[in-house]
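So you can see what is in the structure, the chains are spelled out below.
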Amino acid sequence: MSDAKFLSLEKLTLSYGKNVAVPEMDLDIGKGELVALLGPSGCGKTTTMRAIAGLLTPSSGSIRLDGVDITRTPANKRPVGLVFQSYALFPHLNVYENVAFGLRLMGVKGNDLDTRVKQGLKTVGLEKFTTRKPAELSGGQQQRVSLARSMVMEPKVLLLDEPLSNLDARLRLEMRTELQRVQKESGVTMIFVTHDQVEALAMADRIIVMKDGLIEQIGTPEQIYNHPVSDFVADFVGFENVFALHNGMLKTGEHEIDLHGTVPAHTRGLAWRPGTITLGSGPYRGKVRGTSFAGGTREYLLDTPLGQIKAECDASLPVHPFGGEVAFDLNVKKAAPLARFGGL
Amino acid sequence: MTSRLFSPLVLLLVLAFLIGPFAIIIAASLSAGETLAFPPQGLSLRWVFKVFEIESFRQSFGISMFLAIGGTLMALILGVPASYALSRYKVPGAETIRTIVSSPIIVPGIIVGLALLRYFVVPFNTGILFALFVAHTALILPYAVRVVSASLTNLRSDIEEAAVLLGASRMGAFFRVVLPNIRGGILAAFILGFVTSFNQVPVSLFLSGPGVRTLPIDMLAYMEITYDPSVAALSALLAFMSLGIVFLAERFLGFSRYV
């Protein structure tokens, strides 16, 4: 077993009744990695996570963890932890007993138990809250208890289901760094599920983008952000202008225009972020349909022969008036070439 | 404002209706006279003591207690797993099961009693006590299922998955995580079941037989023969017993949080 294949899914097929949610997934996750499963709801990311946890039995394929086939291992015998989206704390137990729950079941007792529970609570900064009931804690605190409860079990893999979605903006930022810190300090292999690309980009070492049960792209946050392989990924990570490329023509639906410039071979589409579209000069013409001031920049919505285009330029530049014509350029060098488009 | 004057009056009337009968019974039971009457003729505790001397009351009290406690426990043993299955799994025909389980509430007791006598007790020649036990269990079951189902619905199911991932078996998760959290519901179901069974008249009326009678049936029979205040005294004692149970439940288990 190599560290790069610490957790590996082989031809894993997951289904609900006759509906196949994830067909034949292959995926390797390295030891100590912090991985994000990113995708819109219904893409199979939560299903995959539940299968790794053992809460869902695969219809075929296998899951190996640290050299051991755990495909048929029941959930309560797997060295896998899961932090639920709702935290799933036991309402009748206080913070201390919540964290001690799994250890007690393992037969840990006395001083050993006490030390490990207190250490776990200290890691998440809740050592003063031992006697509180879950209902008396804030969402952020509940999440920390849930994290500590899983971490004291020393799982080989820790799964987190939408860990930041129930927190407010400020807490989210705090929890993000907290999760990263806990992961780096413990060295646990961590996989979190999210539909928020900002979260995935900010936290993960590696991102797995999923769509309709299939892996669309795997890469570092930089790769995903700068080099999306498909229109789906490009759209998901904020390229607002995504066009198909066909015989030298850029297309969206009915609209098409000639592309000026050359593209790498096997390019099926091109994508531009609003900021990479040149406004004020260039071979194309568009009509300003909307403008909005966004602090350092100003955003424009243009009606063009290619449909609507979102552009963005420095707010200190002169404003292009609403309804007026404006020249723009789609610079091929600034575009992300897409190897796949529309599922092809 | 009229409503200001009106509402205390309404409140008083409602209270009078609720507490009135209870007060009358207590007063009548303290009578020194020979017949059941209000206002009481003189004050005495003699009828209260008399209650304990009447052999058939002692016996039927025991039977009623056995039916109320045993029947309720049995209903919970059947009802808790049933509620759990109905709330957690996609049971085929769940609605039908719910309706069948609830039917003893809907069908008048007198019909249940007659039906049980005609088609259960007579053809199978079951013992009287056994028939009463089965009937009371069936009558309590709807309350058990309903009240426990309600508290299960309020309990998130992912805490069971959390328990399993922390090493508990499915069964272990139920006992360690589900049961402690529906404790209040079970207690509420127990008290409701106990009271329902203890106050049951129509079904017990059909199923009671020689030597085996529940307390309410025995009280009815007693009143047909004699008309002394001992029945009032017994009623008062029973009312205080109920109060005591509710008080203890509240004191030690915080009953009112669940009902």
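Nothing here was measured: the structure is a model prediction, and the numbers come from that model.

The rules we used
Residues numbered from 1 in each chain as written. Chains lettered and ligands numbered in written order. Predicted model: local features only at pLDDT ≥ 70, side-chain atom pairs only at ≥ 80, totals over all residues. Heavy atoms only, no water. Helix = DSSP H or I, 4+ residues; strand = E, 2+ residues; numbered from the N terminus. Buried < 20%, exposed > 50% of the residue type's maximum accessible area, 1.4 Å probe, protein only. Contact = heavy atoms within 4.5 Å. UniProt positions renumbered as here; feature names shortened; annotations may be inferred. Patch = residues over 30% accessible without salt bridge, like charges linked within 9 Å, V, L, I, M, F, W, Y side chains within 5 Å. Areas by Shrake-Rupley, 256 points an atom, 1.4 Å probe, with all protein chains shown as cover. Salt bridge = Lys/Arg side-chain N within 4 Å of Asp/Glu carboxyl O. Pairing = 2+ DSSP bridges. Axes fitted to C-alpha atoms, helices over the stretch in contact; angles between N-to-C directions. Buried area = accessible area lost by both parts, 1.4 Å probe. Domains from an automatic or database assignment. Lys, Arg positive; Asp, Glu negative; His and termini not counted. Charge placed at Lys NZ, Arg CZ, Asp CG, Glu CD.

**Student:** Just to check I follow, could you spell out the overall build of chain B for this structure?
**Tutor:** Each helix and strand in chain B was counted, giving 12 helices and 0 strands. Counted from the first residue to the last, chain B has its helices and strands arranged as α-α-α-α-α-α-α-α-α-α-α-α. In terms of overall dimensions, chain B has C-alpha extents of about 70 × 65 × 35 Å along its principal axes. Put simply, chain B has 259 residues, and 42% of those count as buried. In chain B, of all internal contacts separated by at least 6 residues, the share reaching a separation of at least 24 is 71%.

**Student:** What is the right way to look at the UniProt feature "transmembrane region" (unreviewed entry) in chain B in this model?
**Tutor:** Summarizing the sequence annotation, UniProt attributes the feature "transmembrane region" (unreviewed entry) to residues 61-87, 99-121, 127-145, 186-209 and 229-249 of chain B in the numbering used throughout. Across residues 61-87 of chain B, the secondary structure splits into 100% helix and 0% strand, with the terminal C-alpha atoms separated by 37 Å.

**Student:** Is there a simple way to explain a nonpolar patch on the surface in this structure?
**Tutor:** A contiguous nonpolar surface patch, about 870 Å² in accessible area, is contributed by B:F6, B:L9, B:V10, B:L11, B:L13, B:V14, B:L15, B:L18 and B:I19. Tracing the chain through its elements places B:L18 in helix α1 (residues 2-29).

**Student:** Just to check I follow, could you spell out the sheet that holds strand β18 (residues 325-329) of chain A for this structure?
**Tutor:** Residues and elements named next belong to chain A. The 4 strands are arranged β17-β16-β15-β18 in an open sheet whose pairing can be described as antiparallel. Strands with a single pairing partner mark the edges of an open sheet, and in this sheet they are β17 (307-314) and β18. With strand direction ignored, the average angle separating the axes of adjacent strands in the sheet is 50°. Of the strand pairs in this sheet, strand β15 (residues 278-294) and strand β16 (residues 297-304) are connected by 7 bridges, and their pairing is antiparallel. Bridge pairing links V288 to L302 in β16.

**Student:** Looking at this structure, I do not really get the UniProt feature "domain: ABC transmembrane type-1" (unreviewed entry) in chain B. What am I missing?
**Tutor:** Under the UniProt annotation, the feature "domain: ABC transmembrane type-1" (unreviewed entry) is placed at residues 61-249 of chain B. Measuring from the first to the last C-alpha atom of residues 61-249 of chain B gives 21 Å, for a span that is 83% helix and 0% strand.

**Student:** Is there a simple way to explain the UniProt feature "domain: ABC transporter" (unreviewed entry) in chain A in this structure?
**Tutor:** The feature "domain: ABC transporter" (unreviewed entry), as given by UniProt, occupies residues 7-237 of chain A in the numbering adopted here. Segment residues 7-237 of chain A splits into 37% helix and 26% strand. End C-alpha atoms: 26 Å apart.

**Student:** Where do I start with the interface of chain A and chain B in this structure?
**Tutor:** Size of an interface, as often reported, equals the accessible area lost when the parts are brought together. Between chain A and chain B, the residue contacts involve 19 residues of the former and 17 residues of the latter. Both sides together, the interface formed by chain A and chain B hides about 1,600 Å², and carbon and sulfur atoms give 69% of it. In terms of surface lost to chain B, no three residues of chain A exceed A:N76, A:H92 and A:L105, which account for 31% of the buried area on that side. Where B:E161 meets A:R50, a salt bridge forms, and the shortest distance between an N and an O atom there is 2.7 Å.

**Student:** How should the sheet that holds strand β5 (residues 68-69) of chain A be read in this particular structure?
**Tutor:** Strand pairs in the sheet, formed through backbone hydrogen bonds, run parallel or antiparallel to each other. Residue and element names in this part refer to chain A. Ordered by their spatial adjacency, 4 strands build an open sheet running β2-β1-β4-β5, and the pairing between neighbours is antiparallel. At either end of the open sheet lies a strand with only one pairing partner, and these are β2 (19-29) and β5. As judged from the 2 bridges shared by strand β4 (residues 60-65) and β5, these two strands associate in the antiparallel manner. Bridging across to β5, L65 finds its partner in V68. Sitting on the sheet, helix α1 (residues 45-53) touches β1 (7-16), β2 and β4, and the angle it makes with β1 is about 115°.

**Student:** When you look at the pattern of salt bridges in this model, what are you seeing that I'm missing?
**Tutor:** Any two side chains of opposite charge can pair if their charged atoms end up close together. Enumeration according to the criterion identifies 22 salt bridges over all chains in this entry. Across the salt bridge formed by A:R181 and A:E178, the nearest N and O atoms sit 3.2 Å from each other. Of the two residues, A:R181 and A:E178 are both situated in helix α5 (residues 169-186); the distance of 3 residues between them amounts to about one turn of the helix. Its salt-bridge partner being B:D158, residue B:R156 comes within 3.1 Å of it at the nearest N-O pair. For B:D158, a relative accessible area of 12% puts it in the buried group. Salt bridges sharing partners connect three or more residues here, namely A:R144, A:R170, A:E174, A:E178, A:R181 and A:E185.

**Student:** Looking at this structure, I do not really get the domain arrangement of chain A. What am I missing?
**Tutor:** Residue and element names in this part refer to chain A. What the domain assignment lists for chain A is domain 1 (3-231) and domain 2 (234-338). Between the C-alpha centres of domain 1 and domain 2 there is a distance of 39 Å. Taken together, the contact pairs 12 residues of domain 1 with 10 residues of domain 2. Buried area between domain 1 and domain 2, summed over both chains or domains, comes out near 880 Å², and the portion from carbon and sulfur atoms is 65%.

**Student:** What is the right way to look at a negative patch on the surface in this model?
**Tutor:** On the surface, a cluster of negative charge is made up of A:E10, A:E24, A:D26 and A:D69. Mapped onto the elements of the fold, A:E24 is located in strand β2.

**Student:** I would appreciate a short explanation of the side chain of B:T126 in the present structure.
**Tutor:** Residue and element names in this part refer to chain B. If you trace the backbone, T126 turns up in the loop between α5 (109-124) and α6 (128-153). A relative accessible area of 15% places T126 in the buried class. If sequence neighbours within four positions are ignored, T126 has contacts with F120, V121 and A131.

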